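Close look at the chain arrangement
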Amino acid sequence: MVLPPVLFLLAFVGYPFIYGIWLSLEDRAVARPAVFVGLANFITDAHDPIFWQVVRNTFIYTIVATALKAAGGLGLALVMNQHFRFKNLVRALVLLPFIVPTVLSTIAWMWILDPAFSVINWVLVHLGVTPPGPSWLGNPYLAMGSVILVNVWRGLPFYAITLLAGLQTIPGDLYDAATIDGTDSWQRFRYVTLPLLQPVLLIVTLFSLIFTFADFQLVYVLTRGGPANATHLFATYSFDIAMTAGQLGHGASVALAMLPPLALLIVALTLYMRRQ
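Keep in mind the model is a prediction, meaning the values are calculated, not measured.

**Section: the overall build of the protein**
Secondary structure summary: the protein contains 14 helices and two strands in total. Taken along the three principal axes of its C-alpha coordinates, the protein extends 75 × 60 × 35 Å. Of all 276 residues assigned to the protein, the portion counted as buried reaches 38%. Intrachain contacts of the protein at a sequence separation of at least 6 include 66% that bridge at least 24 residues. Accessible surface, the protein as shown: approximately 15,800 Å² in total, 73% of it carbon and sulfur.

**So, the nonpolar core**
Counting residues in each nonpolar core, the largest one holds 17 residues, and the members touching the most others are Tyr159 and Leu163. Broken down by secondary-structure element, the contributors of at least two residues to this core are helix H3 (49-80), helix H8 (140-167) and helix H10 (185-213). For leucine 163, the contacting residues outside a window of four places in its chain are Gly73, Leu74, Ala77, Leu197, Val200, Leu201 and Val204. With 14 residues, the next largest nonpolar core counts Ala65, Trp136, Val147 and Leu233 among its residues.

**Looking at unusual backbone geometry**
Peptide bonds are mostly trans, and most non-glycine residues show a negative phi. With an omega of -5 degrees, the peptide bond running from glycine 226 to proline 227 counts as cis. Of note, proline 227 is situated in the loop between helix H11 (217-222) and helix H12 (234-244). The residue alanine 228 is not glycine, and still its phi comes out positive at about 55 degrees. Structurally, the position occupied by alanine 228 is in the loop between H11 and H12. Overall, the relative accessible area of 66% leaves alanine 228 in the exposed class.

**A short note on helix H6 (residues 102-112)**
Inspection of H6 places Thr102, Ser105, Thr106 and Trp109 among the buried residues, and these make up the whole buried set. Burial along H6 is one-sided: seen end-on, the buried residues are contained in an arc of 100 degrees. Within H6, the exposed residues directed more than 90 degrees away from the buried face are Leu104 and Trp111.

**Focus: the packing of aromatic side chains**
Per the stated rule, a full pass over the model turns up 15 aromatic pairs. Ring centres of tryptophan 109 and tryptophan 153 lie 5.7 Å apart, and the angle between their planes is 70 degrees; this geometry places the pair in the edge-to-face category. Here tryptophan 109 is found in helix H6, whereas its partner tryptophan 153 is found in helix H8, with 44 residues between them in sequence. Judged by centre distance (5.7 Å) and plane angle (35 degrees), the ring pair of tryptophan 186 and phenylalanine 189 falls under tilted. One end of the pair, tryptophan 186, and the other, phenylalanine 189, are both in helix H10, three residues apart, so they sit about a helical turn from each other. Feature note: the residues Phe51, Trp52, Phe59, Phe213 and Phe234 constitute an aromatic cluster, connected by ring pairs.

**A few points about H10**
For H10, which comprises 29 residues, the first-to-last C-alpha distance of 35 Å sits more than 12% below the rise-based estimate of 42 Å (1.5 Å per residue). A bend of about 50 degrees at glutamine 198 is the largest found in H10, and the proline proline 199 appears one to four places after it. The N-capping residue of H10, defined by a side-chain oxygen 3.3 Å from the backbone nitrogen of tryptophan 186, is aspartate 184.

**Structural notes on the environment of leucine 194**
Within the element layout of this structure, leucine 194 appears in helix H10. Taking the C-alpha atoms as reference points, leucine 194 and serine 238, 44 residues apart in sequence, are found 39 Å from one another. If near-sequence neighbours (up to four positions away) are discounted, leucine 194 is found in contact with Leu74 and Phe189.

**Quick notes on the packing of H10 against helix H14 (residues 259-275)**
H14 packs onto H10 with a crossing angle of 180 degrees between their chain directions and a minimal axis gap of 11 Å. On the basis of the axis angle, H10 is roughly antiparallel to H14. Mapping the contact onto sequence places Gln198, Leu202, Ile203, Thr205, Leu206, Leu209, Ile210 and Phe213 in H10 and Pro261, Leu262, Leu265, Ile266, Leu269, Thr270, Tyr272 and Met273 in H14. Among the residues forming the contact of H10 with H14, the class breakdown is 13 nonpolar, three polar and no charged.

**Comments concerning the side chain of threonine 212**
With respect to the helices and strands, the residue threonine 212 is situated in helix H10. Judged by relative accessible area, which is 1%, threonine 212 ranks as buried. A distance of 2.9 Å separates a polar atom in the side chain of threonine 212 from a polar atom in the side chain of lysine 69. One polar contact links the side chain of threonine 212 to the main-chain carbonyl oxygen of serine 208, over a distance of 2.7 Å. The contact partners of threonine 212, leaving out residues within four places of it in the chain, are Tyr61, Thr62, Ala65, Thr66, Lys69 and Asn151.

**Brief notes about a nonpolar patch on the surface**
On the surface, Val79, Phe84, Phe86, Leu89, Val90, Leu93, Leu95, Leu96, Phe98 and Ile99 cluster together to form a nonpolar patch covering roughly 890 Å² of accessible area. Mapped by element, the contributors of at least two residues to the nonpolar patch are helix H4 (87-94) and helix H5 (96-99). By the secondary structure assignment, valine 79 is in helix H3.

Rules used throughout
Residues numbered from 1 in each chain as written. Predicted model: local features only at pLDDT ≥ 70, side-chain atom pairs only at ≥ 80, totals over all residues. Heavy atoms only, no water. Helix = DSSP H or I, 4+ residues; strand = E, 2+ residues; numbered from the N terminus. Buried < 20%, exposed > 50% of the residue type's maximum accessible area, 1.4 Å probe, protein only. Contact = heavy atoms within 4.5 Å. Areas by Shrake-Rupley, 256 points an atom, 1.4 Å probe, with all protein chains shown as cover. Core = buried A, V, L, I, M, F, W, Y, C linked by side-chain atoms within 4.5 Å. Arc of directions from axis to C-beta. Phe/Tyr/Trp six-rings, centres within 6.5 Å; stacked < 30°, edge-to-face > 60°. Expected span 1.5 Å × (residues − 1). Bend = angle between axes of the 7 residues up to and from the residue. Polar contact = N/O pair within 3.5 Å; in protein donor to acceptor, adjacent residues only side chain to side chain. Axes fitted to C-alpha atoms, helices over the stretch in contact; angles between N-to-C directions. Parallel < 35°, antiparallel > 145°, perpendicular 65-115°, else oblique. Nonpolar A, V, L, I, M, F, W, Y, C, P; charged D, E, K, R; others polar. Patch = residues over 30% accessible without salt bridge, like charges linked within 9 Å, V, L, I, M, F, W, Y side chains within 5 Å. Salt bridge = Lys/Arg side-chain N within 4 Å of Asp/Glu carboxyl O.

Structural measurements only, silent on function.
As structure tokens, this is what we get:
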């Protein structure tokens, strides 16, 4: 019974992974025979200033987006855990950003952030904040902030619904006992809710780190890594080198370069979870 899923993983995960490692050790250009070069592609990456900019972009994008999703998702889960009218409808609406296809929602955000037709710029101009609306995707700093914002908007429901499920497993007797002991709302959150919710919070953070670190669709559709490589991540930069420039071996080396830092993040968080 274990054999079918093992074969599936070997065929669709194991083989591409091993082939990607082998490809990274070759000088493999499109329509040219491959030449084995060993670690030459990785040495080229180490001397490429754009590569180190991609490393910095990826860590900023992952850390900031994950922190905002964790804080926002926890707050949203706490609100949805209360009793109010149309609670089930609100929970269903919260899931919309997560279930809409990434490319479709990202195209909508391209219109929202467009310098000429942006609804955000229209509001800023009519409020007198700024005469011309800023180019949200044309400025390097605003572009990184914009892609982080879109990623947080899309990933917030995943955090909120998962943490909501964790909140509903906490016995109400603990809150009653804490109230009798004279605790206020903040103390009940700090000493009851947060410790019991921590395992779920750590697991969902682990998944978010993996998804965000290896993000491709959102950034590539929104900015294609621009302007001036300001939003390039490992996945988008690897795709550009391999598919646009036709350097398959070099592109594979960039893609594989994301594995060590991602593995370190996963191991560190896993060790912390085990210690807790």
